[in-house]
Amino acid sequence: MIEVKNLSKVFPDGTQALSDISVSVPKGDFVAVIGLSGAGKSTFLRCINRLVEPSGGEVKVGGQEVTRLSLSELQRFRRKVGFIFQQFNLVTRIPVLENVLCGRLGYLPTWRGLLGLFTERDYQVAREQIRRVGLNEKERTRADQLSGGQQQRVAIARALAQEPDIILADEPMASLDPRLSDVILGILKEYNEEKNVTVLVNIHVLELARRFARRILAFNKGRLVFDGPVEQLDAEREKLIYAGSLEAL
Ligand code: ADP
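In this report, the structure presented in the accompanying data block is examined. Computed from a prediction, not measured in an experiment: that's the story for all the values here.

Definitions and cut-offs
Residues numbered from 1 in each chain as written. Predicted model: local features only at pLDDT ≥ 70, side-chain atom pairs only at ≥ 80, totals over all residues. Heavy atoms only, no water. Helix = DSSP H or I, 4+ residues; strand = E, 2+ residues; numbered from the N terminus. Rg over C-alpha atoms; globule rule 2.2 N^0.38 Å. Buried < 20%, exposed > 50% of the residue type's maximum accessible area, 1.4 Å probe, protein only. Contact = heavy atoms within 4.5 Å. Areas by Shrake-Rupley, 256 points an atom, 1.4 Å probe, with all protein chains shown as cover. Lys, Arg positive; Asp, Glu negative; His and termini not counted. Charge placed at Lys NZ, Arg CZ, Asp CG, Glu CD. Phe/Tyr/Trp six-rings, centres within 6.5 Å; stacked < 30°, edge-to-face > 60°. Salt bridge = Lys/Arg side-chain N within 4 Å of Asp/Glu carboxyl O.

Let's talk about the overall build of the chain
Scanning the chain from N- to C-terminus turns up nine helices and 10 strands. Against the compact-globule benchmark of 18 Å for 249 residues, the chain has a radius of gyration of 18 Å, which places it among compact chains. Counting across all 249 residues of the chain, residues that qualify as buried make up 51%. A separation threshold of at least 6 residues defines the contact pool for the chain, and within that pool the share at least 24 residues apart is 69%. For the chain, the exposed surface amounts to about 11700 Å²; the carbon and sulfur share of it is 48%. Of the side-chain charges in the chain, 35 are positive and 31 negative, and the distance between the mean point of each set is 4 Å.

Structure follows, in structure tokens:
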């Protein structure tokens, strides 16, 4: 489903964020991407939908070569990719329902979107996802009047309202109280199991990755240093990933 071959990213300032990454993720997998801060997790996720433009290599999603898409093709592709940011990226001045409806914009002609002319089905899908994340009581509440955890749930509902084929979540719990991590990952896991939608989530806390993911990709200084089922990540490898010692792997 997602096939990455020899992916690399060098930022304009010369930082080599990713080196020669090759990995394939089958449809319906739940993958945790782990590694120290600065290891390349976020850049990896962003290269998959070209929020970051890869410097080399190939990214294929569902047989489509993302790295070659024109701007309009890329827009069509992105409507099937839900991206969840650490900082939620909501429109804070508008209510929950309208924020979640933004997830439907990719399905509307631009003029309808600009006028907010959503269809009955758009409303239905949006409300279904608001219910899923447990915010039906807050549908009319402005986003900036919600707690951080609630705002992230709105962001997740927005991504799910896209009816995505894949979900990319970039440390969605990082700016929240650690106690909320289970709620956020629980919603993603439930959706993954119910719809067989592929989920890739960057997780800083290994214990969470172990509990929620089936498979782990570990990055260290821009290199993929572990790719396998959770059970295979033994204490020794774990130490090496977090100690930053590449040579020993
Ligand atoms: P992680 O998500 O694992 O914390 P990142 O993917 O954010 O890691 O970063 C990988 C490396 O790329 C780091 O050295 C980071 O400083 C660098 N980096 C990220 N974004 C940029 C950018 N826009 N310009 C230059 N360097 C960047």
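Picking up after the structure, the text goes on.
Examining the packing of aromatic side chains
In the structure shown here, the tally under the stated rule is three aromatic pairs. Relative to Tyr123, the ring of Phe118 has its centre 6.4 Å away and its plane inclined at 85°; by these criteria the two rings are edge-to-face. For Phe118, a relative accessible area of 17% puts it in the buried group. By relative accessible area, Tyr123 is classed as partly exposed at 24%.

Focus: the pattern of salt bridges
Where charged atoms of side chains with opposite charge meet at close range, the side chains can pair. Scanning all chains against the criterion turns up 21 salt bridges. Here Asp29 and Arg214 are joined by a salt bridge, their closest N and O atoms 3.5 Å apart. In this pair, Asp29 is assigned in the loop between β2 (16-25) and β3 (30-34) and Arg214 in the loop between α8 (206-212) and β9 (215-220), connecting sequence segments 185 residues apart. Given a relative accessible area of 10%, Asp29 falls into the buried group. Judged by its relative accessible area of 37%, Arg214 is partly exposed. As a salt-bridge pair, Glu193 and Lys189 come within 3.8 Å of each other at their nearest N and O atoms. Taken together, the positions of Glu193 and Lys189, both in helix α7 (residues 181-195) and four residues apart, correspond to about one turn of that helix. You can call Glu193 exposed: its relative accessible area is 54%.

Purely geometric stuff here, so don't read any function into it on its own.
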